Amino acid sequence: MTQDTQDFSAVAELKKDEIVTHSLSQELTLPSGKKLVLITLDNGLDHKRPTTLGPNSLLELRALLTELKQRAAEGQIDAVAVTGKPYFLIAGADLSSVTELQRAEDARAMASLGHATYDLLADLGVPTFCFINGLALGGGMEIALACTYRTVSTTAGALGLPESFLGLIPGWAGIYRLPRLIGPEEGLRVIIQNPWNNNRTLSGPQAYKLGAADALYEPADFLEQSLGFADEVLTGQRTVQRPNAVDDADPQVAARFHAAADEAEKFVDAKVHGAAPAPYKALEVFRAGIGKSQKHSAQLEIEALTELMATHQFHNTIYAFLDLVQRRSKRPAGAPDRKLAKPVTKVGVVGAGLMASQLALLFVRRLNVPVVLTDLDQSRIDKGLGYIHGEIDKLGAKGRMSADAVNRAKALVSGSVTKDAFADADFVIEAVFEELSVKKQVFAEVEAVVSPECILATNTSSLSVTEMGRDLKHPERLVGFHFFNPVAVMPLLEIAATEWTDEATLSTAFVLGKSLRKTCVRTTDSAAFVVNRVLLRLMSEVQAAYDEGTDAQTADSALQPMGLPMSPFTLLAMVGLPVAQHVNESLHAAFGERFKVSGNLQALIDAKITALWVKDEQGNQVIDPKALQVMSFGDQPSTAEQLLTRVQDALAEEIGLLLEEGVVAAPQDVDLCMITGAGWPMHLGGITPYLDQIGASQRVNGKKFHA
């Protein structure tokens, strides 16, 4: 049975509740008299809700294309064009539909349905056009690639093929068509490198420059201009040039394809160390299609999609992306009624160091309210204000803020050497040295000058918020408000309540966090909350194994099968040895020997050595000889396999205890914290699905985190 005759009704039945993206068609007569049918893809929802393609959406489009192919054969129409509702072409396949496919034959049918539909568009018998008016990801980009010609709006954002990051491949011919349209090097950049570099995408102008679109138009008259382009092409007035397009039947071009795949594989190895199958499968299909036909590649793509839809990586990523980042983050567990929130019209920041300055910059950018910093002397204030003004100027130079916005933002930030400047503030946050006595003194001084309604917040990463508030007159207005560094980039905000924190304070914290565009997670007041507790347990185990005599290279690389964003010793250097040791000491005091305080780490700090690794004369990373002089080691080394298991079990234990203590509401909150606060890989599902899948949660806790 071919794709043209295959019955796809069974797969459509699996998604009866699909929000269908309808294929709305109208016949237009172009200025030349040519007949063009314009298909607009629209799900009927507001313009904030993206269009996607589930099985029923594809079947409707396929039925329309089948009819249009017949009309084209009869000479009734001269061309077909596809566009989307405002701001969207298509955001990709309906991932919720895909995750519901339990059987291999259903997954294969869904993959085949996409090809059957897109192949019709590619072989309609008349020229086809795609007018890319907005976001076009995955299946949206692939529908454009199936057309003969493409135009794109200058304001179209987020064009790309992110499937390998989501656990799939661009399996509706994007993996075949794009590299032949723009060259293999740039094609694999879009298919592999961009998704794994923080999900980078192309803008409309970038897509046009690469040759992924044939014309670029402004949004005001985008459809009119695109129809004019189509008319000129149909009448021969315009010849489309594609200087980047290549034919891999040419041996020299084929060699470029192989070389590009080799480079992309090196990139993937460095990113995931073999822990995520999808990017490797994408490269396997890419290589197997070199010099072959698109139909040959289609069969490879269908089988690859069928295989990948059953992998842990795909289901973990969809859980992380859809269930957590897209859904749970918008409805934080334990967040009070937002109607209880107090207005925040002025913010105070205690401190003018780097962290405090980053906080002030975020508040002024997102809230557009006055922000005042205080510190011990004017020189520190001036340095902090200088940093903030400099960052605002950079945003203006990049075009991310207008000249007026730059001037307004600068005018809203001020500094003072006295805390009297907080008298009319509604929200004051401290970002001073991580020492309990220092923070208690700060809050005593702040409470003496602010109104009784002013909320007090601490950015502590490891200390007890409860202890900070124990001597306050109004401890109910104190809340933990823990950001991650760099503040402008990391999405997570851990909001910690004490036994006294009232609902109005908590509500204000959550509403404020959302206004700052952060992912807010409620935690109890427990040492290091979630992210630092989990990370420090991992680092503590690795450091302990190293101190016990494990080779440094083994200790640092043993966790590679987890595909983490950086190795333990790299993370240690980034955090800073003194900070890591200080937090670990706090955790040791709170939780005992699970968090081992390293004598070697303290020896490095005392010797003012900032990192274990240095580069030798050949450019290789080696342990700093100075570090070796001050450290001592045991005689109980671990193998990489032993250390990996040790860390997995330690993480399962720590997260189990954390949940038992009620630090957060559920395992999903731990995963959301690790993804948004530590860059933990989505292909692990955060962390708890991974620990279930490798058996650590069952080994240590006697049960899985997820039933």
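Remember, it's a predicted structure, so these values are computed and weren't measured experimentally.

Moving on, we get to the overall build of the protein. Looking only at helices and strands, the protein features 30 helices and 19 strands. In summary, the protein has a C-alpha radius of gyration of 28 Å against a globular reference of 27 Å for 707 residues, a match within 12%. Oriented by its inertia axes, the alpha-carbon framework of the protein measures out at about 85 × 60 × 50 Å. For the protein, the residues scored as buried account for 56% of the 707 residues in total. Long-range pairs, those at least 24 residues apart, make up 74% of the contacts in the protein between residues at least 6 apart in sequence. Surface summary for the protein: the accessible area is close to 29,300 Å², and the carbon and sulfur share equals 51%. With 65 positive and 85 negative side-chain charges, the protein shows a spacing of 3 Å between the two charge centroids.

Here the focus is the packing of aromatic side chains. Applying the stated criterion across every chain, the model contains 15 aromatic pairs. By way of ring pairs, the aromatic residues Phe129, Phe131, Tyr149 and Phe229 are connected into one cluster. The ring of Tyr176 carries the charged tip of Arg180 above its face, separated from the ring centre by 3.7 Å. Directly above the ring of Phe591 sits Arg533, whose terminal nitrogen or CZ lies 4.1 Å from the centroid.

What follows concerns the pattern of salt bridges. Opposite charge on two side chains lets them pair, provided their charged atoms get close. Counting across every chain of the model gives 39 salt bridges. Residues Arg380 and Asp377 are paired through a salt bridge, measuring 3.4 Å at the closest nitrogen-oxygen approach. For Asp377, a relative accessible area of 27% gives the class partly exposed. Salt-bridge contacts for Glu548 lead to Arg646; the nearest nitrogen and oxygen are separated by 3.0 Å. Pair noted here: Glu548 is in the loop between helix H21 (531–547) and helix H22 (552–557) and Arg646 is in helix H27 (residues 640–660), with a separation of 98 residues, a long-range link. Taken together, the shared-partner salt bridges in this structure form one network comprising Arg533, Arg537, Glu541, Glu548, Arg594, Lys596, Arg646, Glu653, Glu654 and Glu661.

With that settled, consider the UniProt feature "domain: 3-hydroxyacyl-CoA dehydrogenase C-terminal" (unreviewed entry) in the protein. Following the UniProt record, one finds the feature "domain: 3-hydroxyacyl-CoA dehydrogenase C-terminal" (unreviewed entry) at residues 529–607. When the span residues 529–607 is considered, its composition is 68% helix and 0% strand, and the gap between its end C-alpha atoms is 31 Å.

For soluble globular proteins, nonpolar side chains are generally found buried alongside one another. In this structure, Trp680 and Ile687 are the most contacted members of the largest nonpolar core, which totals 148 residues. Residues Val349, Val364, Met401 and Ala497 belong to the second largest nonpolar core, which totals 43 residues.

A contiguous nonpolar surface patch, about 330 Å² in accessible area, is contributed by Met566, Met574, Val575 and Val579. By the element assignment, Met566 lies in the loop between H22 and helix H23 (568–575).

Turning to H21, a few remarks are in order. Between its terminal C-alpha atoms H21 stretches 24 Å, which fits the 24 Å expected from 17 residues at 1.5 Å a residue. Most of H21 is tucked away: 17 of the 17 residues are buried. Remark: Gly549 follows H21 within two positions and exhibits a positive phi of approximately 120°.

By the secondary structure assignment, Pro452 is in the loop between helix H18 (436–447) and strand E14 (455–458). Considering only alpha carbons, one finds Pro452 and Ala282, 170 residues apart in sequence, at a separation of 59 Å. Once residues lying within four places of it in the same chain are set aside, the contact partners of Pro452 are His474 and Arg477.

As for its position among the elements, Gln294 is in helix H13 (residues 294–308). The exposure class assigned to Gln294 is buried, which follows from its relative accessible area of 17%. Apart from the residues lying within four places of it in its own chain, the contact partners of Gln294 are His115, Asp119, Ala173, Tyr176 and Arg177.

Taken together, the three strands give an open sheet; going across it, the order is E4-E6-E8, and neighbouring strands pair in parallel fashion. On the outer flanks of this sheet lie strand E4 (88–90) and strand E8 (159–160), each paired with one strand and no other. Sheet topology places E4 next to strand E6 (residues 135–137); two bridges connect them, and they run parallel. Directly across from Phe88, in E6, lies its bridge partner Leu135.

The next point concerns a positive patch on the surface. On the surface, a cluster of positive charge is contributed by Lys330, Arg331, Arg338 and Lys514. Along the chain, Lys514 falls in helix H20 (residues 503–515).

Turning next to the pairing of strand E13 (residues 427–430). Along any regular strand the residues' side chains alternate between the sheet's two faces. Of the two faces of E13, the one lined by Phe427 and Ile429 and the one lined by Val428 and Glu430 are each fully buried. Sheet topology places strand E10 (residues 347–350) next to E13; four bridges connect them, and they run parallel. Opposite Val347, over in E13, you have Phe427 as the bridge partner. Strand direction decides the pairing type here: E13 and E14, joined by four bridges, are parallel. Bridge assignment links Ile429 to a residue of E14, and that residue is Ala457. With H18 bridging E13 and its parallel neighbour E14, the resulting β-α-β unit is right-handed.

Okay, the sheet that holds strand E1 (residues 22–29) next. Strand order in the open sheet made by the six strands is E1-E2-E3-E5-E7-E9, with mixed pairing throughout. Each edge of the open sheet is held by one strand with a lone partner, namely E1 and strand E9 (215–217). For this sheet the average axis-to-axis angle between neighbouring strands, irrespective of direction, equals 20°. Against the sheet, helix H2 (residues 55–73) touches E1, strand E2 (35–42) and strand E3 (79–84), its axis set at about 180° to E2. This element, helix H10 (residues 222–235), spans E1, E2, E3, strand E5 (128–132), strand E7 (149–153) and E9 of the sheet and lies at about 155° to E5.

With that settled, consider H18. The first and last C-alpha atoms of H18 sit 16 Å apart over 12 residues, in line with the 16 Å expected at 1.5 Å per residue. Among all positions of H18, only Lys439, Val442, Phe443, Val446 and Glu447 are buried. Seen from one end, H18 has its buried residues packed into an arc of 125°, which puts them on one side. Next to the buried residues of H18 lie E10, E13, E14, helix H19 (465–469) and strand E15 (478–482).

The next subject is unusual backbone geometry. A cis amide bond links Asn485 to the next residue, Pro486, at an omega of 0°. Take Pro486: it is sitting in the loop between E15 and strand E16 (492–497). Unlike most non-glycine residues, Arg517 shows phi in positive territory, near 65°. Examined against the element boundaries, Arg517 turns out to sit in the loop between H20 and strand E17 (519–524). Overall, Arg517 belongs to the exposed group, its relative accessible area being 62%. Not every positive phi belongs to a glycine, and Ala528 is a case in point at roughly 70°.

What counts, and at which threshold
- Residues numbered from 1 in each chain as written.
- Predicted model: local features only at pLDDT ≥ 70, side-chain atom pairs only at ≥ 80, totals over all residues.
- Heavy atoms only, no water.
- Helix = DSSP H or I, 4+ residues; strand = E, 2+ residues; numbered from the N terminus.
- Rg over C-alpha atoms; globule rule 2.2 N^0.38 Å.
- Buried < 20%, exposed > 50% of the residue type's maximum accessible area, 1.4 Å probe, protein only.
- Contact = heavy atoms within 4.5 Å.
- Areas by Shrake-Rupley, 256 points an atom, 1.4 Å probe, with all protein chains shown as cover.
- Lys, Arg positive; Asp, Glu negative; His and termini not counted.
- Charge placed at Lys NZ, Arg CZ, Asp CG, Glu CD.
- Phe/Tyr/Trp six-rings, centres within 6.5 Å; stacked < 30°, edge-to-face > 60°.
- Lys NZ or Arg CZ within 6 Å of the ring centre and 35° of its normal.
- Salt bridge = Lys/Arg side-chain N within 4 Å of Asp/Glu carboxyl O.
- UniProt positions renumbered as here; feature names shortened; annotations may be inferred.
- Core = buried A, V, L, I, M, F, W, Y, C linked by side-chain atoms within 4.5 Å.
- Patch = residues over 30% accessible without salt bridge, like charges linked within 9 Å, V, L, I, M, F, W, Y side chains within 5 Å.
- Expected span 1.5 Å × (residues − 1).
- Pairing = 2+ DSSP bridges.
- Right-handed = clockwise from strand over helix to strand, strands pointing away.
- Axes fitted to C-alpha atoms, helices over the stretch in contact; angles between N-to-C directions.
- Arc of directions from axis to C-beta.

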